[in-house]
Amino acid sequence: MKNLRHGEFFGQTHKTLHFDGLTITDTEYTHPFVDWHYHENPYFTFLLQGNMTEGNKKEIYDCSAGTLLYHHWEDAHYNIKPDIFTRGFHIEITEKWFEKFQLSKDNVEGSFNIRIPDLKLLTYQIFKETKLNDISVELTINQLLLNIFSQLSHQKDHSQKKPIWVKHIDEILHERFTEKLSLTELSKVLNIHPMHLSRDF
């Protein structure tokens, strides 16, 4: 299995920026199929144009423009690209960057599709910053990236600390699985607003 070193991506890279601990690339995907491989550093992929399929050991994603993926370091995956122009934006993060900001790269594990609109917007802002000739671009990108990791860590902590009502609703659904339960009825039993129940459950 191929191990891609720092700054290496399959395809034709049109622009590469190097900051302290970060490598940012704007790459056209040229391979119809990229076999199982992994990267030595964690990185984000933001699909700018086109589409592709990516698979890892847990899931397969159909990715279109606007898809944001996170890949943990040395997490194996493969890619399939249809015969259309496809372009991706990568933010590769080294151990040095994590140490600089006193973060552990293991705070966010695995490879996954990030569906949170706020995080996609922050990533797109990073992309826009790379197109500016501004002396503060590195500082701005670091701030945006720290914001992304803060929100990802918060999501992880939030998902691990389940509210008490989650266990209660789980019991109700198992005990009354033959009944047709409504959101209104469940919210009354749990004493939780229906919108809150719908959003968090």
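Going by the structure above, here's the rest.
Residues numbered from 1 in each chain as written. Predicted model: local features only at pLDDT ≥ 70, side-chain atom pairs only at ≥ 80, totals over all residues. Heavy atoms only, no water.

Undergrad: Looking at this structure, I do not really get the overall build of the chain. What am I missing?
TA: The helix and strand inventory of the chain stands at six helices and eleven strands. Along the longest, intermediate and shortest principal axes, the C-alpha atoms of the chain span 55 × 40 × 30 Å. By residue count, 40% of the 201 residues in the chain fall in the buried class. When contacts within the chain are restricted to residue pairs at least 6 apart in sequence, long-range pairs at least 24 apart make up 70% of them. (Helix = DSSP H or I, 4+ residues; strand = E, 2+ residues; numbered from the N terminus. Buried < 20%, exposed > 50% of the residue type's maximum accessible area, 1.4 Å probe, protein only. Contact = heavy atoms within 4.5 Å.)

Undergrad: Just checking my understanding: could you explain the packing of aromatic side chains for this structure?
TA: Geometry of an aromatic ring pair is reported as the spacing of the ring centres plus the angle between the planes. Summed over all chains, the structure comprises 14 aromatic pairs. When the ring of tyrosine 70 is compared with that of phenylalanine 112, the centres are 5.6 Å apart and the planes differ by 40°; the resulting orientation is tilted. With tyrosine 70 in strand S8 (residues 68–71) and phenylalanine 112 in strand S11 (residues 112–114), this pair connects stretches of sequence that are 42 residues apart. On the basis of relative accessibility, which here comes to 23%, the residue phenylalanine 112 falls in the partly exposed class. Their ring planes at 40° and their centres at 5.9 Å tell us that tryptophan 97 and phenylalanine 149 sit as a pair that is tilted. Here the residue tryptophan 97 occupies a position in helix H1 (residues 95–100), and phenylalanine 149 occupies one in helix H3 (residues 137–160), the gap between them amounting to 52 residues. (Phe/Tyr/Trp six-rings, centres within 6.5 Å; stacked < 30°, edge-to-face > 60°.)

Undergrad: What am I meant to see in the sheet that holds strand S9 (residues 77–80) here?
TA: Spatially, S1-S4-S9-S6-S7 is the arrangement adopted by the five strands of the open sheet, whose pairing is mixed. Of all strands in the sheet, those with a lone pairing partner are strand S1 (2–4) and strand S7 (60–64), marking the two edges. The mean angle between the axes of side-by-side strands here comes to 35°, regardless of whether they run parallel or antiparallel. Strand direction decides the pairing type here: strand S6 (residues 51–56) and S9, joined by four bridges, are antiparallel. Within the sheet, the bridge partner assigned to glycine 55 lies in S9 and is tyrosine 78. (Pairing = 2+ DSSP bridges. Axes fitted to C-alpha atoms, helices over the stretch in contact; angles between N-to-C directions.)

Undergrad: Could you clarify how one ought to interpret the nonpolar core in this entry?
TA: Soluble globular proteins tend to pack their nonpolar side chains together in the buried interior. One finds Phe44, Ile93, Ile126, Leu145 and Phe149 to be the most contacted residues of the largest nonpolar core, which totals 26 residues. When contributions to this core are tallied by element, the ones reaching two or more residues are strand S3 (22–29), strand S5 (43–49), S8, strand S10 (86–93), H1, helix H2 (117–129) and H3. With seven residues, the single largest contributor to this core is H3. With sequence-adjacent residues up to four places away left out, isoleucine 126 is seen in contact with Ile24, Phe89, Ile91, Ile141, Leu144, Leu145 and Ile148. (Core = buried A, V, L, I, M, F, W, Y, C linked by side-chain atoms within 4.5 Å.)

Undergrad: I would appreciate a short explanation of the environment of phenylalanine 19 in the present structure.
TA: Structurally, the position occupied by phenylalanine 19 is in strand S2 (residues 12–19). Sequence separation of phenylalanine 19 and glutamate 40 is 21 residues, and the distance between their C-alpha atoms is 17 Å. In this view, phenylalanine 19 contacts Ile24, Val137, Glu138 and Ile141; residues no more than four positions away in its chain are not counted.

Undergrad: Looking at this model, I keep getting lost on the side chain of glutamate 92. Mind explaining?
TA: Its place among the elements puts glutamate 92 in strand S10. For the buried glutamate 92, which has no salt bridge, the nearest side chain bearing the opposite charge is arginine 5, at an N-O separation of 9.5 Å. In terms of polar contacts, glutamate 92 uses its side chain to reach the side chain of asparagine 41, at 2.9 Å. If we skip the residues at most four places from it in the chain, glutamate 92 touches Arg5, His6, Gly7, Glu8, Phe9, Gly21, Leu22, Thr23, Asn41, Pro42 and Tyr43. (Lys, Arg positive; Asp, Glu negative; His and termini not counted. Salt bridge = Lys/Arg side-chain N within 4 Å of Asp/Glu carboxyl O. Polar contact = N/O pair within 3.5 Å; in protein donor to acceptor, adjacent residues only side chain to side chain.)

Undergrad: Can you help me understand the side chain of serine 111 in this one?
TA: Along the chain, serine 111 falls in the loop between H1 and S11. Of note is the side chain of serine 111, whose polar atom sits 3.1 Å from the side chain of aspartate 75. The residues contacting serine 111, other than those within four sequence positions of it, are Asn56, Tyr61, Tyr70, His71, His72 and Asp75.

Undergrad: Would you mind showing me how to read the pairing of S5 here?
TA: Side chains on a regular strand alternate between the two faces of the sheet. Extensive coverage of S5 is indicated by the burial of six of its seven residues. Bridge analysis of S5 against S8 gives four bridges, and the strand direction is antiparallel. Residue pairing for S8: threonine 45 is matched across the bridge by leucine 69. By the bridge criterion, six bridges tie S5 to S10 in an arrangement that is antiparallel. Within the sheet, the bridge partner assigned to threonine 45 lies in S10 and is histidine 90.

Everything listed here is a matter of geometry and, on its own, says nothing about what the molecule does.
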